[in-house]
Amino acid sequence: MKYRNYDPKRDKEAVHRIWGEVGWLEKGKEEVMDLHVETGRAIVADVNNEAECLVTSVPGTVRYLNEELPFFGVTGVTTSRIARKQGLAKRLTAMMLAIESAEGALVSGLGMFEQGYYNQLGFGTGGYEHHIAFDPSQLNVRLKPRVPCRITTNDWAMVHTARLSRLRGHGSCNLNSPKLTRADMLVTKNGFGLGYYDSQANTLTHHFWCEAEKVGEGPYNIKWVSFQTWDQFLELMALIKSLGDQVRLVRMREPQGIQLQDLLNKPFKQYQVSAKSNFESIMRAEAYWQIRICDLIGCMARTHLQGDGMRFNLKLSDPINSLLDEKAPWHGLSGNYVITLGSSSAAEPGIDKTLPILTASVGSFTRMWLGVRPATGLAVTDQLSGPQELLKKLDWILRLPEPKFDWDF
């Protein structure tokens with residue numbers, strides 16, 4: 001497969017067609033797509049001298065406990081109708097990973113259309129995200145919110161800065177390009193935001209951005225909530241409650257570390273009385289993002305854990321190498337390593353015959369390392385195996401907060 005960098009003069013019409021054929025491009029929203037493509041790197045594969053497959057990525061960081069790791073998100077993988085089942089999407093995405101990894105990214109992530117496909121490139125499924133739908137008038141937040149400021153699509157630069165400076169937890173990612181936030185705001189149906197400024201610093205401190213399916217009664221879909229303190233979070237929830245005189249349903253993702261059911265009056269009653277209605281109160285759990293380590297030595301060097309340290313051999317398999325030709329700048333992580341986990345962690349190529357062996361795919365090892373699921377559980381459901389004593393020790397040392405991307409892309 002030959003690939004090349006996206007050229008807007010040559011390829012814009014072709015990639016508009018690709019997005020139109022996969023249902024991603026609404027008529028009149030071509031500018032939004034162009035912003036999306038321009039946020040980072042874009043590469044294409046040609047069929048009959050025209051771009052028929054497009055892969056895009058954007059740089060950023062992902063938090064591992066208190067460390068910020070260089071990261072890139074694969075923000076789009078699309079293939080036209082005439083180029084399906086040729087392996088283009090898989091190989092072009094593999095090449096994107098090779099390019100970004102060779103340039104210093106330690107970790108990569110993406111949103112999946114279905115489980116299994118991106119496992120072929122070494123990705124492992126992330127943790128569950130909880131999305132809750134509720135009647136805002138049923139929030140039991142007693143705080144009286146201040147009068148908020150309106151936020152419009154013209155405020156995209158300030159909104160992006162606020163998102164980058166939000167309160168974050170383990171596993172959360174930041175995506176660097178402000179154009180991505182602008183595109184996300186522009187594509188939102190009946191989009192609006194409400195929030196609060198620090199007048200002295202002239203910065204947006206906390207806000208939410210929302211889609212109104214029906215402007216009158218809702219549902220309202222909150223695309224993101226950004227805040228720097230928990231007091232600010234509670235003020236935003238009180239602000240959402242104030243919409244309840246008119247709006248019958250709000251949907252939002254549960255923030256990391258919060259159980260939103262704690263803030264609802266009689267949640268089970270609301271689930272029952274609204275069941276199967278247009279304003280159904282409900283909680284859903286979905287694991288729709290995936291992640292993989294791209295630089296094992298780099299990731300281990302940035303891993304600082306509590307408790308007694310441990311060492312073991314890792315026999316790591318990475319399926320991506322079979323999708324890359326010899327000229328690719330990076331070829332995955334398959335190989336044998338000696339892993340040290342503890343306050344100072346490390347990965348060294350080789351084998352220590354005195355140590356137990358963990359056998360894992362890069363996707364399953366990433367899930368364990370990030371804390372998505374414990375080693376003993378992954379040994380049941382994923383490509384990870386080792387002596388039971390080793391698995392239990394890994395469970396103990398990798399006692400991590402539940403990881404959340406907290407930024408959909």
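Above: the structure in question.
Residues numbered from 1 in each chain as written. Predicted model: local features only at pLDDT ≥ 70, side-chain atom pairs only at ≥ 80, totals over all residues. Heavy atoms only, no water.

Once that is clear, we can look at the pairing of strand β5 (residues 107–111). Across the five residues of β5, four count as buried, placing the element largely inside the fold. With four bridges joining them, strand β4 (residues 67–79) and β5 adopt parallel strand pairing. Its bridge partner lying in β5, V74 is registered against L110. (Buried < 20%, exposed > 50% of the residue type's maximum accessible area, 1.4 Å probe, protein only. Helix = DSSP H or I, 4+ residues; strand = E, 2+ residues; numbered from the N terminus. Pairing = 2+ DSSP bridges.)

So, about the packing of aromatic side chains. Throughout the structure, instances matching the rule amount to 17 aromatic pairs. For the pair Y64 and W369, a centre-to-centre distance of 4.4 Å together with 10 degrees between the ring planes defines the contact as stacked. Here the residue Y64 occupies a position in strand β3 (residues 50–64), and W369 occupies one in helix α9 (residues 362–370), the gap between them amounting to 305 residues. Accessibility classification places Y64 together with W369 in one group, the buried group. On the basis of an interplanar angle of 90 degrees and a centroid distance of 5.8 Å, the ring pair of W230 and F233 is categorised as edge-to-face. Pair noted here: W230 and F233 are both in helix α6 (residues 230–242), with a separation of three residues, about one helical turn. On the basis of relative accessibility, which here comes to 2%, the residue F233 falls in the buried class. Here the basic side chain of R399 rests over the ring of W396, its NZ or CZ set 3.9 Å away from the ring centre. (Phe/Tyr/Trp six-rings, centres within 6.5 Å; stacked < 30°, edge-to-face > 60°. Lys NZ or Arg CZ within 6 Å of the ring centre and 35° of its normal.)

In this fold, A212 is placed in strand β11 (residues 203–212). With 93 residues separating them in the primary sequence, A212 and N119 have C-alpha atoms 35 Å apart.

Among the secondary structure elements, E211 is positioned in strand β11. Assessed through its relative accessible area of 15%, E211 is described here as buried.

On to the packing of helix α1 (residues 8–22) against helix α2 (residues 30–38). Direction vectors running N to C along α1 and α2 enclose 105 degrees, while the axes themselves pass 11 Å from each other. One element, α1, and the other, α2, form an angle in the roughly perpendicular class. Contacts between α1 and α2 pair K12, V15, H16 and W19 from the former with E30, M33, D34 and H36 from the latter. Taken together, the residues of the contact of α1 with α2 break down into three nonpolar, two polar and three charged. (Axes fitted to C-alpha atoms, helices over the stretch in contact; angles between N-to-C directions. Parallel < 35°, antiparallel > 145°, perpendicular 65-115°, else oblique. Contact = heavy atoms within 4.5 Å. Nonpolar A, V, L, I, M, F, W, Y, C, P; charged D, E, K, R; others polar.)

Going through the model one piece at a time under the given rule, you end up with 25 salt bridges. Notably, a salt bridge pairs R4 with D46, separated by 2.9 Å at the nearest N-O pair. Pair noted here: R4 is in strand β1 (residues 3–5) and D46 is in strand β2 (residues 41–47), with a separation of 42 residues, a long-range link. Its relative accessible area of 17% is what places R4 among the buried residues. D46 gets classed as partly exposed once you look at its relative accessible area, which sits at 29%. In this structure, K12 and D34 form a salt bridge, with 3.8 Å as the shortest nitrogen-oxygen distance. Of the two residues, K12 is situated in helix α1 and D34 in helix α2; the sequence distance between them amounts to 22 residues. (Salt bridge = Lys/Arg side-chain N within 4 Å of Asp/Glu carboxyl O.)

Our next topic: helix α3 (residues 88–102). Because each turn of an α-helix spans 3.6 residues, side chains separated by three or four positions in sequence point in the same direction. Its 15 residues give α3 an end-to-end C-alpha distance of 21 Å, which sits within 8% of 21 Å, the value for a rise of 1.5 Å per residue. Burial analysis of α3 places 12 of its 15 residues in the buried class, the great majority of the element. Of the positions making up α3, those classed as buried are L88, A89, L92, T93, A94, M95, M96, L97, A98, I99, E100 and S101. Structurally, α3 contributes buried residues whose contacts are with β1, β2, β3, β4, β5 and β15 (289–293). (Expected span 1.5 Å × (residues − 1).)

The residue after G218, namely P219, is reached through a cis peptide bond having omega 5 degrees. Looking at the element boundaries, P219 is found in the loop between β11 and β12 (220–226). In the Ramachandran plot, N49 falls in the positive-phi region, its phi being about 65 degrees despite a non-glycine side chain. Residue position: N49 is located in the loop between β2 and β3.

Counting 73 residues, the largest nonpolar core has L296 and F365 as the members making the most contacts within it. Per-element tally for this core: the top contributor is α3, with nine residues. Aside from chain neighbours lying at most four places away, what touches F365 is I293, L296, M300, F312, L314, L316, L358, A360 and L384. Core analysis: the second largest hydrophobic core is formed by 26 residues, L139, I240, L260 and Y271 among them. (Core = buried A, V, L, I, M, F, W, Y, C linked by side-chain atoms within 4.5 Å.)

Strands sit in the order β18-β17-β16-β19-β20 across an open sheet of five strands; the sheet is mixed. Edge strands, defined here as strands with exactly one partner in the open sheet, are β18 (346–349) and β20 (384–385). Its contacts with the sheet put α9 on β16 (310–317), β19 (357–361) and β20, and the angle it makes with β19 is roughly 110 degrees. Helix α11 (residues 388–397) contacts β16, β17 (335–341), β19 and β20 of the sheet and is inclined by roughly 105 degrees relative to β16.

By themselves, these figures tell us nothing about what the structure is for.
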